[in-house]
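Coordinates in review
Here is how the chains run, residue by residue.
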Amino acid sequence: MFPPAARARWRGRPEGRADRRAVRTAGCLVVVLTAGAYLPSPLYPEYQRLVGYDDLVMTLLFATFALVSGPALLLCGPAADIVGHRPVLRLSVLLAASGSVCFVLADSPAWLFAGRVGQALALGAATGAAQALITWHRSPAARVGGPLLASLAFAAGTAVGPAASGLLARYVPGPLVTPYLLHLALLAWVWHRLHRTVPEPNATRGAQRGWRPARPHIPRAVRTLFIVAGLNGFLAWAVVGIYLALVPALLGRALHSDHPALTGGVLGAVLAWSLPAQLIGSRRTAQTAQQLGVVALTASLLLLAGTGAASLPATLGSALLAGAGHGLAFSGAARAVDARTPAGDRAGVGAALYLLFYLGSGTPAVTVGLLTTWMPLTVSVTRLSWAGAALGVLALLATSCLTVSARRGRSGSSRPGPGTPVPAQRRRTVSSENVGAAGCLTPDTPSSRGWQDGAVPGSTMPSSMPTPSRPRPAGTTRSSLRKRSPIRAGETRASCNSSRPAS
């Protein structure tokens, strides 16, 4: 159940069809915004020829998205917990529309930077609010849970964006305008759905004025889990970022020309493999999915580093393996954190987690761009791949240690410690044959071991079979034992033993 304060923010949670419509709207919004953020990826070579900027400007364009989306995540994630999801999502749609308009008008690097800022602000503002909205309205009985659905929408938009822009740039007139006009039309459709399907928050003006920028609060019980899951998610998006920066250059060298449709298709295929991997990983625990994903990511980096990033077939094969590992690690990390996060902190904690994901996706492109000023592209990617493989080994060890610690904690909490009261439903009638000299259950009797109904674990003895008689302590008689009272409700074995006379 959600806390009363969280329930009071809404004018009533919609039921039935209204819940499903709100979930669909939030999922469509994530897909549209993420696709818009990755529309320029196959078009950068064309922009470079048209505008005439160098590789350093290209690196700064990649860095701008990572640097701007981080503060937007930290500010708008907690804001959605206070003022509601709908105002934040509306703001994100307006920011995304401004970014697409900047790309339509782009005739200089300044317009490109302005467009990237708008896209980064939009996606950063919507991520935490959309994920919390999906989790809030998703039915607990649904086959695909809220965190997994949000992860699928995020990965789907990342795959659709470059593939769609590459195809439009190749086969439709106006390659640098048409993709963004289509994106503006989709944003208008999402805005309409937000107005019709997402409930308006019942927040007062005083509560809206009370919001102040603050870092998201990570509950103490979730911090260790958050760090490990964030490391796995960072690695997943960093590996994908390496291929997003490497594949276009390798295709250009192999084909001796730019082919935006092929480039976008390959980039989309990397993320397309992530979608079935997420669905398969949902049948496993979040920790197991993360472990399998990190193993696949590390293997793909080792394959890329071993071939020196010089073989196009080997690079494409390792990219598909990286896509499968990305889906397992990414969705497992999101599910693990969401399962332990309080309902009132979901937007803020989710935004902080996705901040690590965004940093992971932007760091490789910036690093490769800086390294290529001193060394060839293949050498820089090889060195970065070895560093990523080492990080993968560290992430695998951390996830395994956390899993072992959680299992030990569960097994330890299931064992009753000394002095634990014996539950009434697990006590059996105490007869004179299994009562000690002090009128208490002896440690060797079946009832003191928690056996139910006289049945011996691991044996075929029926519960109706009488318990074998045990020898009476010296100096006692059957009549004196009958006068002793058995353990009563609330007594413990320790208190019973304390009343036993010393031998």
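Just so we're clear, the structure is a prediction, and the values are computed from it rather than from any experiment.

For the rest of this paragraph, the subject is the overall build of the protein. In terms of helices and strands, the protein carries 18 helices and zero strands. Scored against the burial criterion, the 503 residues of the protein give a buried share of 47%. Of the contacts made within the protein by residues no fewer than 6 positions apart, 83% connect residues no fewer than 24 positions apart. Of the roughly 23600 Å² that the protein leaves accessible, carbon and sulfur atoms contribute 62%.

In this model helix α11 (residues 260-272) runs 18 Å from its N-terminal to its C-terminal C-alpha over 13 residues, within 8% of the 18 Å that 1.5 Å per residue would give. Here α11 has its buried residues at P260, A261, T263, G264, V266, L267, G268, V270 and L271.

So, about a nonpolar patch on the surface. A surface patch of nonpolar side chains, amounting to about 460 Å² of accessible area, comprises L56, L60, L370 and W374. With respect to the helices and strands, L56 occurs in helix α4 (residues 55-83). Judged by relative accessible area, which is 48%, L56 ranks as partly exposed.

With that settled, the discussion passes to the side chain of T341. Following the sequence through the fold, T341 ends up in the loop between α14 (312-340) and α15 (346-371). Judged by its relative accessible area of 8%, T341 is buried. Polar side-chain contacts of T341 include one of 2.5 Å to the backbone oxygen of V337. When neighbours within four sequence positions are excluded, T341 is seen to be in contact with V222, R346 and V349.

Pairs may arise between side chains of opposite charge once their charged atoms sit close together. In this structure the tally under the stated criterion is one salt bridge. R49 serves as the salt-bridge partner of E46, at 2.5 Å between the closest nitrogen and oxygen. Residue E46 and its partner R49 are both found in helix α3 (residues 44-51); the two are separated by three residues, about one turn of the helix. According to the relative accessible area criterion, E46 is partly exposed, its value standing at 34%.

In this section: the packing of helix α13 (residues 286-306) against α14. The geometry of α13 relative to α14 is characterised by a closest axis approach of 7 Å and an angle of 155° between their N-to-C directions. As summarised for this structure, α13 and α14 are arranged roughly antiparallel, according to the angle between their axes. Crossing of α13 over α14 shows left-handed handedness. Each residue belonging to the contact of α13 with α14 can be placed in one class, and the counts come to 16 nonpolar, eight polar and one charged.

Here L225 lies in helix α10 (residues 223-255). Taking the relative accessible area as the measure of exposure, L225 reaches 9% and is therefore buried. It is 7.6 Å that separates the C-alpha atoms of L225 and A336, two residues lying 111 residues apart in sequence. Those residues in contact with L225 that sit more than four places away from it in its chain are Q287, A336, V337, R340 and L402.

The next point concerns the side chain of T403. You can see T403 is positioned in helix α16 (residues 377-414). Polar contacts involving the side chain of T403 include one to the main-chain carbonyl oxygen of T399, which spans 2.8 Å. If sequence neighbours within four positions are ignored, T403 has contacts with Q287 and Q291.

Moving on, we come to the nonpolar core. One finds L33, L89 and F154 to be the most contacted residues of the largest nonpolar core, which totals 75 residues. If one sorts the elements of this core by residue count, α10 sits on top with twelve residues. Contacts of L89, omitting those with residues within four sequence positions, involve L29, A126, A129, A130, L133 and L194. With 14 residues, the next largest nonpolar core counts M58, A106, L112 and Y180 among its residues.

Summed over all chains, the structure comprises twelve aromatic pairs. Ring centres 5.4 Å apart and planes at 80° place the aromatic pair W237 and F330 in the edge-to-face group. With a gap of 93 residues between them, W237 in helix α10 and F330 in helix α14 connect regions that are remote in the sequence. Taken together, a centroid distance of 6.4 Å and an interplanar angle of 70° make the contact between Y354 and Y358 edge-to-face. Taken as a pair, Y354 and Y358 lie in helix α15 at a separation of four residues, close to a single helical turn. For the pair Y354 and Y358, one class covers both residues: buried. Put simply, the rings of F65, F154, W237, F330, Y354, F357 and Y358 touch in pairs and so form one group of aromatic residues.

Before going further, it helps to examine the confidence of the model for the protein. Residues shown with low pLDDT carry predicted positions that ought not to be read at fine detail. When the pLDDT values of the protein are averaged, the result is 74; 69% of them are 70 or greater. Note on residues 422-469: pLDDT under 50 across the span, and 63 contacts to partners over four residues away in sequence or across chains. A low-confidence stretch, residues 487-503 stays under pLDDT 50, and its non-local contacts, those more than four residues away or across chains, total 23 contacts.

So, how was this worked out
- Residues numbered from 1 in each chain as written.
- Predicted model: local features only at pLDDT ≥ 70, side-chain atom pairs only at ≥ 80, totals over all residues.
- Heavy atoms only, no water.
- Helix = DSSP H or I, 4+ residues; strand = E, 2+ residues; numbered from the N terminus.
- Buried < 20%, exposed > 50% of the residue type's maximum accessible area, 1.4 Å probe, protein only.
- Contact = heavy atoms within 4.5 Å.
- Areas by Shrake-Rupley, 256 points an atom, 1.4 Å probe, with all protein chains shown as cover.
- Expected span 1.5 Å × (residues − 1).
- Patch = residues over 30% accessible without salt bridge, like charges linked within 9 Å, V, L, I, M, F, W, Y side chains within 5 Å.
- Salt bridge = Lys/Arg side-chain N within 4 Å of Asp/Glu carboxyl O.
- Polar contact = N/O pair within 3.5 Å; in protein donor to acceptor, adjacent residues only side chain to side chain.
- Axes fitted to C-alpha atoms, helices over the stretch in contact; angles between N-to-C directions.
- Parallel < 35°, antiparallel > 145°, perpendicular 65-115°, else oblique.
- Left-handed = near helix turned anticlockwise from the far one by under 90°.
- Nonpolar A, V, L, I, M, F, W, Y, C, P; charged D, E, K, R; others polar.
- Core = buried A, V, L, I, M, F, W, Y, C linked by side-chain atoms within 4.5 Å.
- Phe/Tyr/Trp six-rings, centres within 6.5 Å; stacked < 30°, edge-to-face > 60°.
- pLDDT = per-residue confidence, 0-100.

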